[in-house]
Amino acid sequence: MKRIAVLTSGGDAPGMNAAIRAVVRSAIYNGMEVYGIRRGYAGLLSADFVEMDLRTVGDIIHRGGTILRTARSEEFKTPEGMEKALENLKTLGIEGLVVIGGDGSFRGAIELSKRGVATIGIPATIDNDIPFTDYSIGFDTAINTVVEAVNKIRDTATSHERTFIIEVMGRESGHIALYSGLACGAETILVPEIPYTIEDVCEKVVTGLKRGKLHTIIILAEGAGNAFDVGKKIKDITGFETRVTVLGHLQRGGTPTAFDRILASQMGGKAVELLKSGLSNKMVGWVRGELVVTDLEKILTTQKTFNKELFELANILSI
Ligand code: ADP
């Protein structure tokens, strides 16, 4: 393999730049030429390629977002779009591609690999909803951002003895809510995976305050209900003042944590090693501290399990 390309696709995540850097430098170290494709699959269709050298990835390991930018492309999913993508890769003589993104991006990678382009996926999404990896790039940074924000909210919550509902990202999964909630010592964590009743939530608020708690912190994944509705219902039932903070996109940004940089560097290096040894249609994951290689198809047909034990523990520790 003489020439490869790298792209970032789907939602951005802190640490994507560290992964790009690792892919580029490992490839060059192994005697390959590397192209960056701007704006994900959209750039693959418009031939928005840029040749990468050692310096183009200098000074980016600490930066959030992605220097290659990212986009979504409906056209890429069409037969004509796929043809155009293959043609653009062929024109430049690109034989291998590293796709840094989430499960949608991996669907695209599978299609390319079926058509003869060696592809390797690197999981990058703050949601951490990809199976066969304990962590995806960006998750650790996102939960640390939530923890930092909640530390500040806790000060005002205590001063005013209020109940705060903090909405975090996660339309379909509660991983951010669970991990940040446990790290924050939140009284209640609400996630789409575990049903709850507003009456139970209220009971916990009331008993906590009766026992002398000065405030209540509720972390709510966006897929587990509307934060303002939950806040209003708690006020209506308990009579306590509630306040709502929606953290929104700030969870996506910021300088990646050391953990995310190390994870991204390892995964980027491994992706190049896999391409070099002739493998395709695989994802590099990180399970129990070790890099693990899994078929991309398996990633898409498996649901990431929600850590119920950790959820139980968070409940026990917040009594
Ligand atoms: P993520 O990778 O974060 O899950 P998306 O789901 O938006 O993000 O997917 C990113 C891009 O991957 C889409 O805009 C599209 O170009 C490509 N993609 C998604 N699904 C498919 C598919 N079934 N076939 C080909 N390409 C796909």
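Residues numbered from 1 in each chain as written. Predicted model: local features only at pLDDT ≥ 70, side-chain atom pairs only at ≥ 80, totals over all residues. Heavy atoms only, no water.

1. Details of the overall build of the chain
Inference 1: Across its full length, the chain holds 11 helices and 11 strands.
Inference 2: A globule of 319 residues ought to have a C-alpha radius of gyration of about 20 Å, and the chain, at 22 Å, matches this closely.
Inference 3: Each of the three principal axes of the chain carries a C-alpha extent, and together these read 70 × 35 × 30 Å.
Inference 4: Counting every position in the chain, which comprises 319 residues, the buried fraction comes to 52%.
Inference 5: Counting only contacts in the chain whose residues sit at least 6 apart along the sequence, the fraction spanning at least 24 positions is 75%.
Inference 6: Surface accessibility of the chain: about 14300 Å² in total, with carbon and sulfur atoms responsible for 50%.
Inference 7: Charge separation in the chain, taken as the distance between the mean sites of 37 positive and 39 negative side-chain charges, equals 3 Å. (Helix = DSSP H or I, 4+ residues; strand = E, 2+ residues; numbered from the N terminus. Rg over C-alpha atoms; globule rule 2.2 N^0.38 Å. Buried < 20%, exposed > 50% of the residue type's maximum accessible area, 1.4 Å probe, protein only. Contact = heavy atoms within 4.5 Å. Areas by Shrake-Rupley, 256 points an atom, 1.4 Å probe, with all protein chains shown as cover. Lys, Arg positive; Asp, Glu negative; His and termini not counted. Charge placed at Lys NZ, Arg CZ, Asp CG, Glu CD.)

2. Notes on the site of the ligand
Inference 1: Arg72, Ser73, Gly102, Gly104 and Ser105 are the nearest of the 15 residues found near the ligand.
Inference 2: Note that an oxygen atom of the ligand is positioned 3.0 Å from one of the backbone N or O atoms of glycine 102.
Inference 3: Contact distances for the ligand include 2.4 Å between an oxygen atom and a side-chain N or O atom of serine 105.
Inference 4: For the ligand, the cavity whose grid points lie within 2 Å of the majority of its atoms is the largest pocket.
Inference 5: No other element matches the six residues that helix H4 (residues 103–114) contributes to the shell around the ligand. (Near = heavy atom within 4 Å. Polar contact = N/O pair within 3.5 Å; in protein donor to acceptor, adjacent residues only side chain to side chain. 1 Å grid on protein atoms, 1.4 Å probe; cavity = no way out; pocket = protein on both sides within 12 Å on 5 of 7 lines; lining within 4 Å. Sits in = over half its atoms within 2 Å of the grid points.)

3. Section: the packing of aromatic side chains
Inference 1: Following the criterion strictly, the structure yields eight aromatic pairs and no others.
Inference 2: Ring centres of phenylalanine 259 and tryptophan 286 lie 5.4 Å apart, and the angle between their planes is 85 degrees; on these two criteria the pair is classed as edge-to-face. Residue phenylalanine 259 is found in helix H9 (residues 258–276), and its partner tryptophan 286 is found in strand S10 (residues 282–287); the two are separated by 27 residues along the sequence.
Inference 3: Three or more aromatic residues link up through ring pairs in this structure, and these residues are Tyr135, Phe139, Tyr179, Phe259 and Trp286. (Phe/Tyr/Trp six-rings, centres within 6.5 Å; stacked < 30°, edge-to-face > 60°.)

4. Topic: the layout of surface pockets
Inference 1: Taken as a whole, the largest pocket spans an internal volume of roughly 1300 Å³.
Inference 2: Around the largest pocket, the lining comprises 47 residues; the ones closest to its centre are Arg72, Gly102, Asp103, Gly104 and Asp129.
Inference 3: Top contributing element to the lining of the largest pocket by residue count: H4, with six residues.
Inference 4: Each residue belonging to the lining of the largest pocket can be placed in one class, and the counts come to 13 nonpolar, 18 polar and 16 charged. (Points joined across faces, edges and corners; volume = space filled by probe spheres on them. Nonpolar A, V, L, I, M, F, W, Y, C, P; charged D, E, K, R; others polar.)

5. Digging into the pattern of salt bridges
Inference 1: Considering all chains together, one arrives at 14 salt bridges under this definition.
Inference 2: One connected set of salt bridges, linked through shared partners, spans Arg38, Arg39 and Asp48. (Salt bridge = Lys/Arg side-chain N within 4 Å of Asp/Glu carboxyl O.)

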